[in-house]
Every structure is written in structure tokens, then in C-alpha cells.
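# Chains, contacts and geometry: an overview
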Amino acid sequence: MMQTDVAENLKRVLGELPHDVRLVAVSKFHPNEYIEAAYKAGQRVFGESHEQELKKKWETLPRDIEWHFIGHLQTNKVKYIAPYIAMIEAVDSLRLLHEINKQAARNNRVIDVLLELHIAEEETKYGFSLDGCRALLASGEWRTLEHVRICGLMMMASHVDDASRIRSEMTLAANFFDEVKRDYFADAPSFCERSWGMSHDYRIAAECRSTMVRVGSLIFGPRIY
Ligand SMILES: *Cc1c(COP(=O)(O)O)cnc(C)c1O
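Thresholds, definitions, all that
- Residues numbered from 1 in each chain as written.
- Predicted model: local features only at pLDDT ≥ 70, side-chain atom pairs only at ≥ 80, totals over all residues.
- Heavy atoms only, no water.
- UniProt positions renumbered as here; feature names shortened; annotations may be inferred.
- Near = heavy atom within 4 Å.
- Areas by Shrake-Rupley, 256 points an atom, 1.4 Å probe, with all protein chains shown as cover.
- Nonpolar A, V, L, I, M, F, W, Y, C, P; charged D, E, K, R; others polar.
- Axes fitted to C-alpha atoms, helices over the stretch in contact; angles between N-to-C directions.
- Helix = DSSP H or I, 4+ residues; strand = E, 2+ residues; numbered from the N terminus.
- Parallel < 35°, antiparallel > 145°, perpendicular 65-115°, else oblique.
- Left-handed = near helix turned anticlockwise from the far one by under 90°.
- Contact = heavy atoms within 4.5 Å.
- Buried < 20%, exposed > 50% of the residue type's maximum accessible area, 1.4 Å probe, protein only.
- Phe/Tyr/Trp six-rings, centres within 6.5 Å; stacked < 30°, edge-to-face > 60°.
- Disulfide = S-S within 2.5 Å.

For the protein, the name recorded in an unreviewed UniProt entry is Pyridoxal phosphate homeostasis protein, with Prevotella dentalis as its organism. In UniProt, the protein has this text filed under Function (unreviewed entry): "Pyridoxal 5'-phosphate (PLP)-binding protein, which is involved in PLP homeostasis." As stated in UniProt under Cofactor (unreviewed entry), the record for the protein gives "pyridoxal 5'-phosphate".

## Thoughts on the site of the ligand
All residues in the neighbourhood of the ligand are listed as V26, K28, I70, M154, M156, M198, S199, R214, V215, G216, S217 and R223. Relative to its unbound accessible surface of 390 Å², the ligand loses 91% to contact with the protein. Its residues assigned to classes, the shell around the ligand shows six nonpolar, three polar and three charged.

## Quick notes on the packing of helix α6 (residues 130–139) against helix α7 (residues 163–184)
Where α6 contacts α7, the axes come no closer than 12 Å and their chain directions differ by 15°. With respect to their mutual orientation, α6 and α7 come out roughly parallel. The element α6 and its partner α7 pack so that their crossing is right-handed. Along the contact surface, α6 presents L130, C133, R134, L137 and A138, while α7 presents L172, F176, E179, V180 and Y184. Residue classes in the contact of α6 with α7 are distributed as eight nonpolar, no polar and two charged.

## Quick look at the UniProt feature "modified residue: N6-(pyridoxal phosphate)lysine" (unreviewed entry) in the protein
Mapped onto this numbering, the UniProt entry gives "modified residue: N6-(pyridoxal phosphate)lysine" (unreviewed entry) at K28. Its relative accessible area of 18% is what places K28 among the buried residues. Filtering out sequence-adjacent residues up to four positions away, K28 remains in contact with G47, E48, S49, E53, K57 and R223.

## A look at the packing of aromatic side chains
Scanning all chains against the criterion turns up six aromatic pairs. With centroids separated by 4.9 Å and ring planes inclined at 20°, the aromatic side chains of F177 and F191 adopt a geometry described as stacked. Here F191 lies in the loop between α7 and β7 (193–195) and F177 lies in helix α7, a separation of 14 residues in the sequence. Looking at F177, the relative accessible area reads 4%, which means it is buried. Since its relative accessible area comes to 1%, F191 is described here as buried. Ring geometry for F185 and F191: centres 4.0 Å apart, planes at 5°, overall stacked. The pair F185 / F191 is uniform in exposure class, with both members buried.

## Some remarks on the state of the cysteines
One pass over the structure, following the stated rule, counts zero disulfides. A disulfide-free cysteine, C192 has its sulfur positioned 6.6 Å from the sulfur of C151, the nearest such atom. With no disulfide of its own, C208 lies 18 Å from the sulfur of C192, the closest cysteine sulfur. A relative accessible area of 6% means that C208 is categorised as buried.

## Looking at unusual backbone geometry
In the Ramachandran plot, F29 falls in the positive-phi region, its phi being about 70° despite a non-glycine side chain. On the secondary structure map, F29 appears in the loop between β1 (22–26) and α2 (32–40). Taking the relative accessible area as the measure of exposure, F29 reaches 31% and is therefore partly exposed. Phi at R209 takes a positive value of approximately 65°, unusual for a residue other than glycine. Along the chain, R209 turns up in the loop between α8 (202–207) and β8 (212–215).

Below, the structure is given as C-alpha cells:
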């Protein structure tokens, strides 16, 4: 028996999102039953952050689910998800980008990715500094990677109650998106995604030009680790 009314929660979150903001339902640590409930209610995009857990779910759940890998991805794990992953959201090094390109090529695919920015002040978070991201793009090496398509930026704001701080971090990310779009992707309509907003701050994210929010616990309930 599910303890959470997933369909009801999903409806509530979707009801609060502007129509042009996509929902990635973050299902990590939740069983198939929960994902199936969201799927039945129409949700098709799900986010996971552990390769083995994702593999089990991918093998047993409907094939038209779009899986987004949202966690930190080790280069030695890329090969396992490369055959089927719809988007890798948290690319934080050129090395990882190279590995995704290599594994995508092996699978005759082009894999969509986002570059992860580190803007929050928390120490433990991965991602490029703005200057690190500028340097990566300026190097031009990414242009040779024909099996990855950089579709935008992803970030996590500081996990705080202070809405103005969250807003200023997301605004910084949105402004940086404009800079990168202008300098490198002006002719690339596929560079269009701004992935920010989680359960506690997705409403703020929608005000700060997010195109994709990653919401977990508000839909599926607390995670049991
Ligand atoms: C777990 C996770 C989320 C979802 O967090 P909730 O607070 O449960 O909404 C979003 N983004 C990333 C990168 C995550 O790891």
C-alpha cells in the first residue's frame, strides 16, 4: 500500500507550474509502484541519481519514460546509462563530457546534456564556477564532441529558507544563461534549458526563468535512505 497520494501531489505541483515549465519528477529512492502511479497520471519525465537503481527501474518500467540523470555522474558509470538516458543534467567536467561523447558514439546516439553550475555557497556541491564554465566554452573543445548536445544549464540553489538569496542565485544563473546563449549558442535553438527548482524552491525557480524543475519529495513523499 502506498502511503503517499502520488497522483494528487503531482496534480498539485503541475497546477502551480506555468505551462512552459517542464516537470522532472525525481523518483530516486522510491519504488516502481510510486513511479507507476505518476506514470498513470500522465507523467513521463523522471529523474534519478544512482546508476544501478536507475538500471533496475529502466528495465522494469515502461519504455516511453524519459529518464534524466540528475546526480553527480562518475565517468566509469557513463557506459551503463548511455544506451537509454534521455538527458544527463549535471555535467561538471570536460572529462565527463568526453566520456559521454565516447559512449554515445558507441551507441550511435547523441546524448543531451546540461552543464551544472556551482553558484550556491555550500561546499559539497558539484558544478562549474561561472569562470570555469566560461573557460570550458572558450576552449572550444566541446565543439568537436559530435555525440553530445549541450542543451542548457542546471543548478541547485542554496538549501536555505531565505527566498531572496535563492532568488538572487537563480537570477545569476539566468543571466549567465543569456551570456552563454549569446556568446556560443545564438544559432542553436536546442540550447534552451534552465534546470533549477526543487521541492522547496520550485515556485521561486518558475519566477526566475526556469524551464525545467526537478521535484521529488513534494510528489513522492520523504525518501527512505
Ligand atoms: C534529489 C534531487 C532533487 C529533488 O529534491 P526534492 O527536494 O526532493 O524535490 C532535485 N535535484 C537534484 C539534483 C537532486 O539530487
